[in-house]
Amino acid sequence: MRLSRERLHTIGVGVLGIVVLLAFWWLAATTFLAGHQIPTPVDVVDKFHERGFGYYRKIFSVTLEEAAKGYLYGVAIALVLAVVVMLVPRLAPVIMQFAVITYCLPIVVLAPILIVVNDIPVEGGTSATATDLAAISVIFTTVVGAVLGFRSADQTSLDVVEVYGGSRWQQFTRVRVIASLPALFTTLQIAAPAAFLGALLGEYFDKHLVIGVGPSLYLAQNNRETALVWTLGFSCAIVSGLAYFIIGLMGRAVTPWSKGTP
């Protein structure tokens, strides 16, 4: 009963926060920000209804495909690097520096370079640049989170494996992988919105692409369709939030039994 009350309290606070935010937005759009082309909540809902679900499904399917590919590529690369850090500690400084570089590279500079490198016909209506940026966007956080997770393993359990003749690889597979699951799923949660943002920015810069959230934002901006820009922004937030939430559910389903021991 206590947990249900806490949950209801949390939901109530969340709903109240949304109501207050919508009220403030409506008040601001109709009063002191009326001359700044800020649509009201009603304008945004009307634009959603006018465009229809099919329009958003069509453009988001392209961006989500690019983000998913980049997410998988980036996570795979990051996990391989994290494993190498644990198995070959001498390479840790080089790998971590590489991860930091991927985080520090400015997208406004990297995107044009990737567009030139990927100057090939677009296959299936997707952008290779968007996929690349999505992958790059998740490498740093995934490497750091995975390494921290691997290092959180119980030292006693590691010593037991070593005493019984286990190698560093056996320590890794029997102890560190299990211990890393909570931190790893948290990292994967953070990486999902980052991958979507990377794909979105890649589309925005890549003018070869015709269909996608990025081109739609670019056209809406040029045509001064303010309400459409807001609907696309809210849709991006919803999609990113859903990805974060779903991976969080997966993590809670997998990690309750993970205690960092073999």
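Bear in mind the structure is a predicted one, so any value in this text is a computation, not a measurement.

**Q** Just checking my understanding: could you explain the overall build of the protein chain for this structure?
**A** Secondary structure summary: the protein chain contains 10 helices and zero strands in total. Counting from the amino terminus, the protein chain carries its helices and strands in the arrangement α-α-α-α-α-α-α-α-α-α. Across the 262 residues in the protein chain, those meeting the buried criterion constitute 37%. By sequence separation, contacts in the protein chain at least 24 residues apart represent 75% of the contacts at least 6 residues apart. Across the protein chain, the 17 positively charged side chains and the 15 negatively charged ones have centroids separated by 9 Å.

**Q** In this structure, what is going on with helix α4 (residues 92–104)? I would like to understand it.
**A** Residue pairs spaced three or four apart in an α-helix point in one direction, given the helix's 3.6 residues per turn. Spanning 13 residues, α4 covers 18 Å between terminal C-alpha atoms, matching the ideal 18 Å at 1.5 Å per step. Along its buried surface, α4 packs onto α3 (53–87) and α6 (128–151).

**Q** Even after reading the chapter, I still don't get the UniProt feature "transmembrane region" (unreviewed entry) in the protein chain, so can you show me in this structure?
**A** In this structure's numbering, the residues bearing the UniProt feature "transmembrane region" (unreviewed entry) are residues 12–34, 70–88, 95–117, 129–150, 177–201 and 227–249. The span residues 70–88 is 95% helix and 0% strand, and its two end C-alpha atoms sit 26 Å from each other.

**Q** It is not clear to me how the environment of Ile246 should be interpreted in this structure. Could you clarify?
**A** Secondary-structure assignment places Ile246 in helix α10 (residues 226–254). The exposure class assigned to Ile246 is partly exposed, which follows from its relative accessible area of 46%. The spatial distance from the C-alpha of Ile246 to the C-alpha of Gln189 is 8.4 Å, given a sequence separation of 57 residues.

**Q** Mind showing me how you'd approach the confidence of the model for the protein chain here?
**A** Low pLDDT means the predicted coordinates in that region are not meant to be read closely. When the pLDDT values of the protein chain are averaged, the result is 85; 94% of them are 70 or greater. Mean pLDDT across the elements of the protein chain ranges from a minimum in helix α1 (residues 2–30), with 78, to a maximum in α3, with 93.

**Q** Sorry if this is basic, but what is going on with α3 here?
**A** Along its 35 residues, α3 runs 49 Å from first to last C-alpha, staying within 8% of the 51 Å computed at 1.5 Å per residue. Along α3, the sharpest kink reaches roughly 25°, centred on Phe60.

**Q** Can you help me understand the nonpolar core in this one?
**A** One broad trend across soluble globular proteins is that nonpolar side chains are buried collectively. Counting residues in each nonpolar core, the largest one holds 40 residues, and the members touching the most others are Phe60, Tyr71, Val143, Val213 and Leu232. Among the elements of the structure, α3, α4, α6, α8 (168–205), α9 (213–222) and α10 are those that each provide at least two residues to this core. Grouped together as the second largest cluster of nonpolar side chains are five residues, Leu158, Val161, Val175 and Ala179 included.

Conventions adopted
- Position numbers for residues count from 1 along each chain, tracking the sequence in the order it is written.
- Per-residue local features are limited, in this predicted model, to residues with pLDDT of at least 70; the limit for side-chain atom pairs, both in listing and counting, is 80 or more; totals at the level of whole chains, interfaces and linings are taken over all residues.
- Side-chain numbers come from the whole structure's heavy atoms, not from hydrogens or water.
- By the criteria applied, helices consist of DSSP H or I runs no shorter than four residues and strands consist of E runs no shorter than two, each listed in order from the N terminus.
- Buried residues are those whose accessible area, probed at 1.4 Å on protein chains only, stays under 20% of the maximum for their type, while exposed residues exceed 50% and partly exposed ones sit between those limits.
- Should any heavy atoms of two residues lie within 4.5 Å, those residues are counted as being in contact.
- This count recognises Lys and Arg as positive and Asp and Glu as negative, with His and chain-terminal groups excluded.
- Note on charges: their place is set at NZ of Lys, CZ of Arg, CG of Asp or CD of Glu.
- Helix span, expected: 1.5 Å multiplied by one less than the number of residues in the helix.
- UniProt positions are given in the numbering used here, feature names are shortened, and annotations may be inferred rather than shown by experiment.
- Summary of the metric used: pLDDT quantifies the predictor's per-residue confidence within the range 0 to 100.
- Given a residue, its bend is the angle between the two axes fitted to the seven residues that end at it and to the seven that start from it.
- Definition used in this section: a nonpolar core is a set of buried Ala, Val, Leu, Ile, Met, Phe, Trp, Tyr and Cys residues joined via side-chain atoms within 4.5 Å.

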